[in-house]
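Chain and residue survey
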Amino acid sequence: MSHGGDTIFGKIIRREIPATIVYETESVLAFRDIAPQAPTHIVVIPKEPIVSLAHSTPEHRGVLGDLMLAVAEIARQEGLEDGGYRVVTNIGRHGGQTVFHLHLHLLGGRDLSWPPG
Ligand code: 5GP
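Definitions and cut-offs
- Residue indices begin from 1 for each chain and proceed along its sequence in written order.
- Thresholds applied to this predicted model are a pLDDT of at least 70 for local features of residues and 80 or more for the giving and counting of side-chain atom pairs; totals over whole chains, interfaces and linings are not thresholded and use all residues.
- Note that the side-chain values use all heavy atoms of the structure and ignore hydrogens as well as water.
- Burial classes follow relative accessibility: with a 1.4 Å probe on protein chains only, a residue under 20% of its type's maximum area counts as buried, one over 50% as exposed, and anything between as partly exposed.
- A run of H or I in DSSP counts as a helix once it spans at least four residues, and a run of E counts as a strand once it spans at least two, with each numbered from the N terminus.
- Two strands make a pair as long as DSSP finds a minimum of two bridges between them.
- Proximity is defined per residue: any heavy atom of the residue falling within 4 Å of a molecule or strand makes that residue near it.
- Within 3.5 Å is the distance limit for a polar contact, defined as a pair of N or O atoms, with the added protein rule that one can donate a hydrogen and the other accept it, and that residues adjacent in sequence qualify only through two side-chain atoms.
- Residue burial considers only the protein chains on display, and all accessible areas are found by Shrake-Rupley using a 1.4 Å probe.
- Three residue categories are used. Nonpolar comprises Ala, Val, Leu, Ile, Met, Phe, Trp, Tyr, Cys and Pro, charged comprises Asp, Glu, Lys and Arg, and polar comprises the others, including Gly.
- By convention in these notes, a salt bridge is any Lys or Arg side-chain nitrogen within 4 Å of a carboxyl oxygen on Asp or Glu.

1. Quick word on the pairing of strand S3 (residues 40-46)
Among the 7 residues in S3, 7 count as buried, and that is most of the element. Alternating positions in S3 separate into two faces, Thr40, Ile42, Val44 and Pro46 on one and His41, Val43 and Ile45 on the other, with burial throughout. As judged from the 5 bridges shared by strand S2 (residues 28-32) and S3, these two strands associate in the antiparallel manner. Residue pairing for S3: Phe31 is matched across the bridge by Val43. As judged from the 5 bridges shared by S3 and strand S5 (residues 104-108), these two strands associate in the antiparallel manner.

2. Quick word on the site of the ligand
Around the ligand, a shell composed of 16 residues is seen, among which Arg32, Asp33, Asn90, Thr98 and His105 lie nearest. At 2.8 Å, a side-chain N or O of His105 approaches an oxygen atom of the ligand. The fraction of the free accessible surface of the ligand (510 Å²) that becomes covered by protein chains is 84%. Taken together, the elements giving at least two residues each to the shell around the ligand come down to helix H1 (8-13) and S2. Sorting elements by how many residues they give to the shell around the ligand places H1 first, with 3 residues. Residue composition of the shell around the ligand, grouped by class: 8 nonpolar, 6 polar and 2 charged.

3. Looking at the pattern of salt bridges
Scanning the model with the defined rule gives 6 salt bridges in all. Lys47 serves as the salt-bridge partner of Glu24, at 2.7 Å between the closest nitrogen and oxygen. Residue Glu24 is located in strand S1 (residues 21-24), and its partner Lys47 is located in the loop between S3 and helix H2 (61-77); the two are separated by 23 residues in the primary sequence. Owing to a relative accessible area of 11%, Lys47 belongs among the buried residues under this scheme. Ionic pairing is found between Glu73 and Arg76, a salt bridge with its closest N-O pair at 3.3 Å. You can see Glu73 and its partner Arg76 sitting in helix H2, 3 residues apart, about one turn around the helix. Counted as one network, the salt bridges with shared partners bring together Arg15, Glu24 and Lys47.

So, in structure tokens, the structure goes:
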């Protein structure tokens, strides 16, 4: 099975462009965001190129679970658990999605305002 669609994240999965990878399993990859919005800002993606959460189906149940558990594990690894953190996935135009490969943003290390802009 080929991993990674035709997005910048597909290129990161295939190691065609560099990224600071902080976590990897058979199904999940996580790396530091190139334009961090918080002291810790990590992008967590499935290796399978799902376009967004809106494009997920019941067949993705396993990998979606892997993603959520990976975020919690990475937050522990990054020392964010005590202070807390936020997990965000942007979908489509109103969501502000710019890369069309499903990803969870893990943000922490400062107070995050709510509601988001
Ligand atoms: P979105 O706007 O789609 O929710 O999030 C895409 C995220 O990917 C943005 O936070 C953006 O900074 C990050 N990003 C875009 N291109 C690259 C890249 O080449 N490398 C890394 N590490 N992050 C990227």
